[in-house]
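# Breakdown of the fold
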Amino acid sequence: MTGTARRFRRSALTGAALATALGAGAILAACGSGSQADAKAGDGPARISVADQYIPLPPAGGMAAGYLTVRNDGGQDQLVKVSSPGAESITMHRSTPSSMEQVESLDVPAHGALQLARGGNHLMIMGWQKAPALGDEVELDLTFAKSGTVAVKVPVKELTYRPGQN
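A brief structural summary. (Residues numbered from 1 in each chain as written. Predicted model: local features only at pLDDT ≥ 70, side-chain atom pairs only at ≥ 80, totals over all residues. Heavy atoms only, no water.)

## Details of the environment of Ala 46
Relative to the helices and strands, Ala 46 resides in the loop between helix H1 (3-42) and strand S1 (48-56). The class of Ala 46 is buried, set by a relative accessible area of 15%. For the pair Ala 46 and Phe 144, spaced 98 residues apart in sequence, the C-alpha to C-alpha distance is 9.6 Å. Those residues in contact with Ala 46, other than ones at most four positions away along the chain, are Asn 72, Gly 74, Gly 75, Asp 77 and Ser 147. (Helix = DSSP H or I, 4+ residues; strand = E, 2+ residues; numbered from the N terminus. Buried < 20%, exposed > 50% of the residue type's maximum accessible area, 1.4 Å probe, protein only. Contact = heavy atoms within 4.5 Å.)

What follows is the structure, encoded as structure tokens:
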């Protein structure tokens with residue numbers, strides 16, 4: 001190979017390497033701006049829906065737990081209050097393996113879900129206007145920081161009910 005051919009080959013390889021590096025940088029920059037656009041989309045309005053809601057039958061009209069899943073196909077929100085025309089008070093609780101504590105709000109992540117389930121986050125319903133019976137539907141009004149209030153009908157199920165298993 002002549003000296004001119006070597007210089008040409010070296011220049012071509014250097015140019016190819018530089019083009020590859022610049023192309024990779026452009027791709028990374030485009031991916032980075034897409035991530036920022038996705039993050040901004042998560043700041044948009046929440047799109048809330050509720051599924052898998054149930055209340056296990058309370059003993060003789062006593063305190064009951066409430067479980068449900070809040071799905072969110074939009075931006076972040078918070079569940080800040082739960083009430084019902086059929087109950088005096090409803091509080092939100094967070095459980096760990098060793099304790100249960102009342103909380104003022106629960107986060108509803110952007111493009112995610114807040115799950116209220118046995119052994120975890122849940123509702124405590126007290127002061128029934130009329131003792132619920134198996135098969136009744138109780139109205140719960142879920143109030144969100146950004147999305148306002150969503151009313152849902154929650155069926156009263158057997159004490160042993162588990163969604164997806166019964």
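## Quick look at the packing of aromatic side chains
Applying the stated rule across the entire model yields two aromatic pairs. Every member of this aromatic cluster is reached through a ring pair, and the members are Tyr 54, Tyr 67 and Tyr 161. Lying across the ring of Tyr 161, Lys 157 places its NZ or CZ 4.9 Å from the centre. (Phe/Tyr/Trp six-rings, centres within 6.5 Å; stacked < 30°, edge-to-face > 60°. Lys NZ or Arg CZ within 6 Å of the ring centre and 35° of its normal.)

## Thoughts on the nonpolar core
Counting residues in each nonpolar core, the largest one holds 27 residues, and the members touching the most others are Leu 68, Val 82, Leu 123, Leu 140 and Leu 142. Here this core gets four residues from one element, more than from any other, and that element is strand S9 (residues 137-144). Discounting chain neighbours no more than four positions away, the residues touching Leu 123 are Ala 64, Ala 65, Gly 66, Leu 68, Val 82, Ile 90, Thr 91, Met 92, Leu 116 and Leu 140. (Core = buried A, V, L, I, M, F, W, Y, C linked by side-chain atoms within 4.5 Å.)

## So, the pattern of salt bridges
One pass over the structure, following the stated rule, counts four salt bridges. In this structure, Asp 52 engages Arg 71 in a salt bridge whose closest nitrogen and oxygen atoms are separated by 3.8 Å. Taken as a pair, Asp 52 in strand S1 and Arg 71 in strand S2 (residues 64-72) lie far apart in primary sequence, 19 residues in all. Put simply, Glu 139 and Lys 153 hold a salt bridge, and the shortest N to O gap is 3.9 Å. Taken together, the residues Glu 139 in strand S9 and Lys 153 in strand S10 (residues 148-157) connect sequence positions 14 residues apart. (Salt bridge = Lys/Arg side-chain N within 4 Å of Asp/Glu carboxyl O.)

## Some points on unusual backbone geometry
Look at Asp 52: it is not a glycine, yet its phi comes out positive at around 55 degrees. The exposure class assigned to Asp 52 is partly exposed, which follows from its relative accessible area of 43%.

## Concerning the side chain of Thr 143
By secondary structure assignment, the location of Thr 143 is in strand S9. At 3.0 Å, the side chain of Thr 143 forms a polar contact with the side chain of Thr 149. Non-local contacts of Thr 143, meaning those with residues more than four positions away in its chain, are made with Gln 78, Leu 79, Val 80, Lys 81, Gly 148 and Thr 149. (Polar contact = N/O pair within 3.5 Å; in protein donor to acceptor, adjacent residues only side chain to side chain.)

## Topic: the pairing of strand S8 (residues 122-128)
Each regular strand carries side chains that alternate between the two faces of the sheet. Across the seven residues that make up S8, a large majority, five, are buried. Bridge count between strand S4 (residues 87-95) and S8: six bridges; the pairing is antiparallel. Counted as the bridge partner of His 93 is His 122 from S8. (Pairing = 2+ DSSP bridges.)

## A look at the side chain of Asp 141
Its place among the elements puts Asp 141 in strand S9. For the buried Asp 141, which has no salt bridge, the nearest side chain bearing the opposite charge is Lys 153, at an N-O separation of 8.0 Å. In contact with Asp 141, not counting residues within four places along its chain, are Lys 81, Val 82, Ser 83, Pro 85, Thr 149, Val 150 and Ala 151. (Lys, Arg positive; Asp, Glu negative; His and termini not counted.)

## As for the environment of Ala 133
Locating Ala 133 in the fold gives a position in the loop between S8 and S9. The exposure class of Ala 133 is partly exposed, given its relative accessible area of 34%. Between the C-alpha atom of Ala 133 and that of Lys 157, which follows or precedes it by 24 residues, the distance is 8.6 Å. When sequence neighbours within four positions are dropped, the list of residues in contact with Ala 133 reads Leu 57 and Val 156.

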